[in-house]
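# Reading the structure
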Amino acid sequence: KAGVTQTPRYLIKTRGQQVTLSCSPISGHRSVSWYQQTPGQGLQFLFEYFSETQRNKGNFPGRFSGRQFSNSRSEMNVSTLELGDSALYLCASSLEGGGADTQYFGPGTRLTVL
Amino acid sequence: AQSVTQPDIHITVSEGASLELRCNYSYGATPYLFWYVQSPGQGLQLLLKYFSGDTLVQGIKGFEAEFKRSQSSFNLRKPSVHWSDAAEYFCAVGASGGSYIPTFGRGTSLIVHP
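Residues numbered from 1 in each chain as written. Chains lettered and ligands numbered in written order. Predicted model: local features only at pLDDT ≥ 70, side-chain atom pairs only at ≥ 80, totals over all residues. Heavy atoms only, no water.

On a plain count of helices and strands, chain A comes out with zero helices and 11 strands. For chain A, the N- to C-terminal ordering of α and β elements is β-β-β-β-β-β-β-β-β-β-β. Relative to its length of 114 residues, chain A is compact, with a C-alpha radius of gyration of 13 Å against a globular reference of 13 Å. In terms of overall dimensions, chain A has a C-alpha envelope of 35 × 25 × 25 Å along the principal axes. Split into buried and exposed, the 114 residues of chain A put 54% on the buried side. Counting every atom, chain A has about 5100 Å² of accessible surface; 49% of that belongs to carbon and sulfur. Measuring between centres, the 11 positive side-chain charges of chain A sit 6 Å from its 7 negative side-chain charges. (Helix = DSSP H or I, 4+ residues; strand = E, 2+ residues; numbered from the N terminus. Rg over C-alpha atoms; globule rule 2.2 N^0.38 Å. Buried < 20%, exposed > 50% of the residue type's maximum accessible area, 1.4 Å probe, protein only. Areas by Shrake-Rupley, 256 points an atom, 1.4 Å probe, with all protein chains shown as cover. Lys, Arg positive; Asp, Glu negative; His and termini not counted. Charge placed at Lys NZ, Arg CZ, Asp CG, Glu CD.)

Here's what the structure looks like:
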């Protein structure tokens, strides 16, 4: 099976712009989670989607949003970019998203905000 | 709320030496516990996981971890470290239930000297 893929791998944007990141989960996985990873804050949970519905949400401002399509592919959007949004954004998929589920991570999208 | 503490930010070992990375968790019930490894510029890869049963868990790449309820710990061990093991290691805890937000530790950076 192909792993979790994320596109693009690298992005450079300027403050105030918006960005959309894409994640394709492993075939058959219905849960997709997004994380932000920074040296200062570590891995922080953004949100989780299951069957096209946001099921869990972390403590991030409304500028961060996401969606999931019927084929389980997911996108996350960040509007009005700030310098502090520079990070590695990781997507992870799992079968059902339950506590016992193993999450499989993609390679991430490295976002740099100038 | 669950939490994870990885007390060591950096650990340096010589190639061939044994390794133990510490992880302490806080959770009211029996947790689901995971260890992930992240190589530079990559996503996270699952090393091993504990749900129930035998408290000594074997993983990939020669790693093992032991769940100790009395100490709320889930330490990762390897008898002989290879230079390719140099990476960032993350402990994570997941709660039982239909949906959950996994909590990750801040990570331990492993440096391997030749």
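Turning next to the environment of Glu 48 of chain A. By secondary structure assignment, the location of Glu 48 of chain A is in strand β5 (residues 42-50). Assessed through its relative accessible area of 1%, Glu 48 of chain A is described here as buried.

Taken together, the 26 residues of chain A in the interface contact 21 residues of chain B. For the chain A and chain B pair, buried surface summed over both sides reaches about 1800 Å², with 54% attributable to carbon and sulfur atoms. If you look at where chain A meets chain B, you find zero salt bridges. Our enumeration of links across chain A and chain B arrives at four residue pairs in polar contact (both at pLDDT 80 or more). Breaking the side of chain A that touches chain B down by element, the ones donating at least two residues are β4 (31-38), β5, β6 (53-57) and β9 (87-94) of chain A. At four residues, the largest contribution of residues to the side of chain A that touches chain B is made by β5 of chain A. Within the side of chain A that touches chain B, the residues separate by chemical class into nine nonpolar, 11 polar and six charged. (Contact = heavy atoms within 4.5 Å. Buried area = accessible area lost by both parts, 1.4 Å probe. Salt bridge = Lys/Arg side-chain N within 4 Å of Asp/Glu carboxyl O. Polar contact = N/O pair within 3.5 Å; in protein donor to acceptor, adjacent residues only side chain to side chain. Nonpolar A, V, L, I, M, F, W, Y, C, P; charged D, E, K, R; others polar.)

Throughout the structure, instances matching the rule amount to 10 salt bridges over all chains. In this structure, Asp 85 of chain A and Arg 63 of chain A form a salt bridge, with 2.8 Å as the shortest nitrogen-oxygen distance. Here Asp 85 of chain A, found in the loop between β8 (74-78) and β9, pairs with Arg 63 of chain A, found in the loop between β6 and β7 (64-68); they are 22 residues apart in sequence, far enough to count as distant. The buried category is assigned to Asp 85 of chain A, whose relative accessible area is 3%. With a relative accessible area of 16%, Arg 63 of chain A lands in the buried category. A salt bridge links Asp 85 of chain B to Lys 78 of chain B; the nearest nitrogen and oxygen atoms lie 2.8 Å apart. Side by side, Asp 85 of chain B and Lys 78 of chain B carry an identical accessibility label, which is buried. When salt bridges that share partners are traced, they join Arg 63, Glu 82 and Asp 85 of chain A into one network.

The biggest cluster of nonpolar side chains holds 26 residues, and the ones touching the most others in it are Trp 35, Leu 48, Leu 76 and Tyr 89 of chain B. Those elements that provide at least two residues to this core are β2 (10-14), β3 (19-21), β5 (32-38), β6 (44-50), β8 (64-68), β9 (73-78), β10 (87-94) and β12 (108-113) of chain B. Ranked by the residues each element gives to this core, the list is headed by β10 of chain B, at four residues. Residues in contact with Tyr 89 of chain B, not counting those within four places in the same chain, are Gln 6, Leu 21, Trp 35, Tyr 36, Val 37, Leu 47, Phe 63, Leu 76, Gly 107, Thr 108 and Leu 110 of chain B. Formed by 21 residues, the second largest nonpolar core is a distinct cluster that contains Val 19, Phe 64, Val 78 and Leu 81 of chain A. (Core = buried A, V, L, I, M, F, W, Y, C linked by side-chain atoms within 4.5 Å.)

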